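Single-letter residue listing:
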Amino acid sequence: MKVLVVGGGGREHAIAAALSASGSTIYSAMRNHNPGIAGLSQEFKLVKETDVDKVVEFAADHAVELAVIGPESPLEVGLVDALEAKGISCVGPSRAAARLEVSKSFTRGLMRKHDVPGNIEFEAFDDLEAAKAYVRDHDEDLVVKPVGLTGGKGVKVMGEHLLTKEDAVRYLEDIFAHNIGGGGVVLEERLVGEEFTLQAFCDGHRVIPMPLVQDHKRAYEGDVGPNTGGMGSYSQEDHLLPFVTPSEKEAALEIMRATVAAMEREGCPYRGILYGQFMNTRSGPRVIEFNARFGDPEAMNVLSIVSSSFTDICAAIAAGSLSDKDVSFARKATVCKYVVPQGYGTSPAAGKEVHVDEVNIAAMGARAYYAMVSEENGRVLTTTSRAVGVVGIDDSIEAAEKACEKALSYVKGEAIFVRHDIGRPEVIRRRVEHMETIRS
Ligand code: AMP
Ligand code: GLY
């Protein structure tokens, strides 16, 4: 099958690799010249992923049968609606269904209206003065979220990023003055617990889970420093996490099923990948947010161990005929660490050469996925974003972490940085102990 992959990051390299391994012929549309995706593609076009007309034209010119959309920005501008209007089916929600990611007020409101479990206390505001008054009148810590997309960098938590009510008020003023995330804001209850990600395949009706993953958003070891798009992630061989029980995973899945059912009732069925970000709290999983796509890096964990045909899964999502039988994952643990430019999160050093010894990494059974690098005259150069995702795969998180480190020794470059603590036993132990304190 001829499949279009949209996007040029590590997530999209993993998508293209899984599609290619299951027999698809890949066409790709991306902003940067990602050498991994380009190497797997029959043809690729360098284009802004939000340039709907050009992406649709490229897909139509090559008689592509199916499109898999990696990032959220093309979903927000209606790429799926435009491709479907040309008869190209998509793994990715329509513009209306992508509101689950694109509008935090839509999602919280939907969950409230349809009594979806896992929702939390919140209020949405279009008006700065009303939002300021809410903060001033509220005694507990709140979380301040711009309503729209901010590349994962707009959320600020009182008690963490905002130390006083006045800090929160100043941030609200900033959001409205600079139209951050479109202007409006959601103020919500601050949750305490351990975060995890549940990604699922959805065909508009059915919701089939993938292995759980935990991402690491903070830039530096020990979970300090600025929030980033994600520095690395791990998954466990039984597809749970060390601090998540089977019934907690089931509860998270029920929340996602109820959300997809609510979307169907609202007349905009959700088709594509649904990403649930949860906080595992004392009283079970609560929704932090939904994304309308695979996570990056989380896609690299799960797509490295998908053991059924990913092409068939994508075709079934698009056709609305997904079944449990279509989906299986190897019982393996994975640890993914992102190689990023030095200074990523604050002032990244772009334009430095990075070299990946793909042969040796493949020989040891690990994976390397190129991310926001660009190939120029045969050299792979970093940009201001994440460069290469390296995934170790083995029978336990501990062994997968060691495999990841060994694979990382085959990535060389100037001015690069890795959070080596991801997946290490002491970090995992800290998470488990934290969860135990919360439960007690
Ligand atoms: P988001 O962009 O919504 O994923 O938020 C970024 C990060 O902010 C999350 O990964 C959490 O660490 C934190 N966060 C978001 N919402 C909450 C909440 N209600 N309570 C506590 N932390 C939150
Ligand atoms: N890793 C978080 C995200 O993809 O949004």
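Here the structure is shown first, and the text comes after it.
Described in the following lines is the structure provided in the data block. Values in this document were obtained by computation on a predicted structure and should not be read as measured data. (Residues numbered from 1 in each chain as written. Chains lettered and ligands numbered in written order. Predicted model: local features only at pLDDT ≥ 70, side-chain atom pairs only at ≥ 80, totals over all residues. Heavy atoms only, no water.)

### So, helix H3 (residues 52–61)
Note: α-helices contain 3.6 residues per turn, so residues at a spacing of three or four share the same orientation.
Reasoning step 1: Those residues of H3 that fall on the buried side of the exposure criterion are Val 52, Val 55, Val 56, Phe 58 and Ala 59. Taken around the axis of H3, the buried residues stretch over an arc of 160 degrees, which confines them to a single face. Among the exposed residues of H3, those oriented more than 90 degrees off its buried face are Asp 53, Glu 57 and Asp 61.
Reasoning step 2: Here the buried face of H3 lies against strand E1 (2–6), strand E2 (25–30), strand E3 (41–46) and helix H5 (79–85).
Reasoning step 3: Taken from the residues just after H3, Ala 63 is the one with a positive phi, measuring 50 degrees. (Buried < 20%, exposed > 50% of the residue type's maximum accessible area, 1.4 Å probe, protein only. Helix = DSSP H or I, 4+ residues; strand = E, 2+ residues; numbered from the N terminus. Arc of directions from axis to C-beta. Contact = heavy atoms within 4.5 Å.)

### What about unusual backbone geometry?
Reasoning step 1: In this chain, Asp 296 is followed by Pro 297 through a cis amide linkage whose omega measures 25 degrees.
Reasoning step 2: Among the secondary structure elements, Pro 297 is positioned in the loop between strand E17 (284–291) and helix H11 (298–303).
Reasoning step 3: Its identity as a non-glycine residue notwithstanding, Ala 63 has a phi of 50 degrees, on the positive side.
Reasoning step 4: On the basis of relative accessible area, Ala 63 is assigned to the partly exposed category, the value being 49%.
Reasoning step 5: Its identity is not glycine, yet Asp 115 carries a phi of approximately 50 degrees, on the positive side.
Reasoning step 6: Mapped onto the fold, Asp 115 is located in the loop between helix H7 (104–113) and strand E6 (122–125).

### Quick look at the packing of aromatic side chains
In this description, an aromatic ring pair is defined by two values, namely the gap between the centres and the angle between the planes.
Reasoning step 1: Following the criterion strictly, the structure yields seven aromatic pairs and no others.
Reasoning step 2: Look at Phe 125 and Tyr 134: their rings are 5.3 Å apart centre to centre, the planes differ by 55 degrees, and that puts the pair in the tilted class.
Reasoning step 3: Assessed through its relative accessible area of 12%, Phe 125 is described here as buried.
Reasoning step 4: Centroid distance Phe 201 to Phe 310: 6.4 Å. Interplanar angle 50 degrees. Geometry classified as tilted. In this pair, Phe 201 is assigned in strand E10 (residues 194–203) and Phe 310 in helix H12 (residues 310–319), connecting sequence segments 109 residues apart.
Reasoning step 5: Taking the relative accessible area as the measure of exposure, Phe 310 reaches 1% and is therefore buried. (Phe/Tyr/Trp six-rings, centres within 6.5 Å; stacked < 30°, edge-to-face > 60°.)

### With respect to the packing of helix H1 (residues 10–21) against H12
Reasoning step 1: Running from N to C, H1 and H12 point in directions that differ by 105 degrees, and their axes come no closer than 7 Å. When the axis of H1 is compared with that of H12, the two are roughly perpendicular. Mapping the contact onto sequence places Ile 15, Ala 18 and Leu 19 in H1 and Phe 310, Thr 311 and Cys 314 in H12.
Reasoning step 2: Looking at the contact of H1 with H12, its residues break down into five nonpolar, one polar and no charged. (Axes fitted to C-alpha atoms, helices over the stretch in contact; angles between N-to-C directions. Parallel < 35°, antiparallel > 145°, perpendicular 65-115°, else oblique. Nonpolar A, V, L, I, M, F, W, Y, C, P; charged D, E, K, R; others polar.)

### Concerning empty space enclosed by the protein
Reasoning step 1: If you walk through the whole model with that rule in mind, you get two cavities of 30 Å³ or more.
Reasoning step 2: There is about 80 Å³ of room inside the largest cavity.
Reasoning step 3: Lining of the largest cavity is provided by Leu 100, Glu 101, Ser 103, Lys 104, Thr 107, Arg 108, Lys 145, Glu 188, Ile 288, Glu 289 and Phe 290.
Reasoning step 4: Sorting the residues of the lining of the largest cavity by element identifies helix H6 (99–102), H7 and E17 as the ones contributing at least two each.
Reasoning step 5: Here the residues of the lining of the largest cavity sort into three nonpolar, two polar and six charged.
Reasoning step 6: Contributing to the lining of the second largest cavity are Ile 15, Val 68, Ile 69, Gly 70, Val 91, Gly 92, Gly 272, Ile 273, Ala 292, Arg 293 and Phe 294.
Reasoning step 7: A per-class count over the lining of the second largest cavity returns seven nonpolar, three polar and one charged. (1 Å grid on protein atoms, 1.4 Å probe; cavity = no way out; pocket = protein on both sides within 12 Å on 5 of 7 lines; lining within 4 Å. Points joined across faces, edges and corners; volume = space filled by probe spheres on them.)

### A closer look at the pairing of E17
Reasoning step 1: Here E17 lies mainly inside the structure; seven of its eight residues are buried.
Reasoning step 2: As paired strands, strand E16 (residues 271–281) and E17 are joined by seven bridges and run antiparallel to one another. Each residue of the ladder has a partner; that of Phe 278, found in E17, is Val 287.
Reasoning step 3: Hairpin geometry of E16 and E17 is characterised by an intervening segment of two residues between the two adjacent antiparallel strands. (Pairing = 2+ DSSP bridges.)

### A look at the site of ligand 1
Reasoning step 1: Taken together, the neighbourhood of ligand 1 is formed by 14 residues, with Glu 188, Glu 189, Leu 191, Glu 195 and Glu 289 sitting nearest.
Reasoning step 2: Between ligand 1 and Lys 145, the relevant distance is 3.0 Å, taken from a nitrogen atom to a side-chain nitrogen or oxygen of the residue.
Reasoning step 3: The side chain of Glu 289 places a nitrogen or oxygen atom 2.8 Å from an oxygen atom of ligand 1.
Reasoning step 4: Protein contacts shield 92% of the accessible area of ligand 1, which totals 470 Å² for the unbound molecule.
Reasoning step 5: For the shell around ligand 1, the elements supplying multiple residues, two or more each, are strand E7 (142–146), strand E9 (185–189) and E17. (Near = heavy atom within 4 Å. Polar contact = N/O pair within 3.5 Å; in protein donor to acceptor, adjacent residues only side chain to side chain. Areas by Shrake-Rupley, 256 points an atom, 1.4 Å probe, with all protein chains shown as cover.)

### Section: the layout of surface pockets
Reasoning step 1: In this model, the second largest pocket occupies a volume close to 430 Å³.
Reasoning step 2: Along the wall of the second largest pocket there are 24 residues; nearest its centre are His 13, Ala 17, Arg 367, Ala 368 and Tyr 369.
Reasoning step 3: Contributing elements (two or more residues each) for the lining of the second largest pocket: H1, helix H2 (35–40), helix H13 (358–363) and strand E20 (367–370).
Reasoning step 4: If one sorts the elements of the lining of the second largest pocket by residue count, H1 sits on top with five residues.
Reasoning step 5: Its residues placed into classes, the lining of the second largest pocket shows 15 nonpolar, seven polar and two charged.

Everything listed here is a matter of geometry and, on its own, says nothing about what the molecule does.
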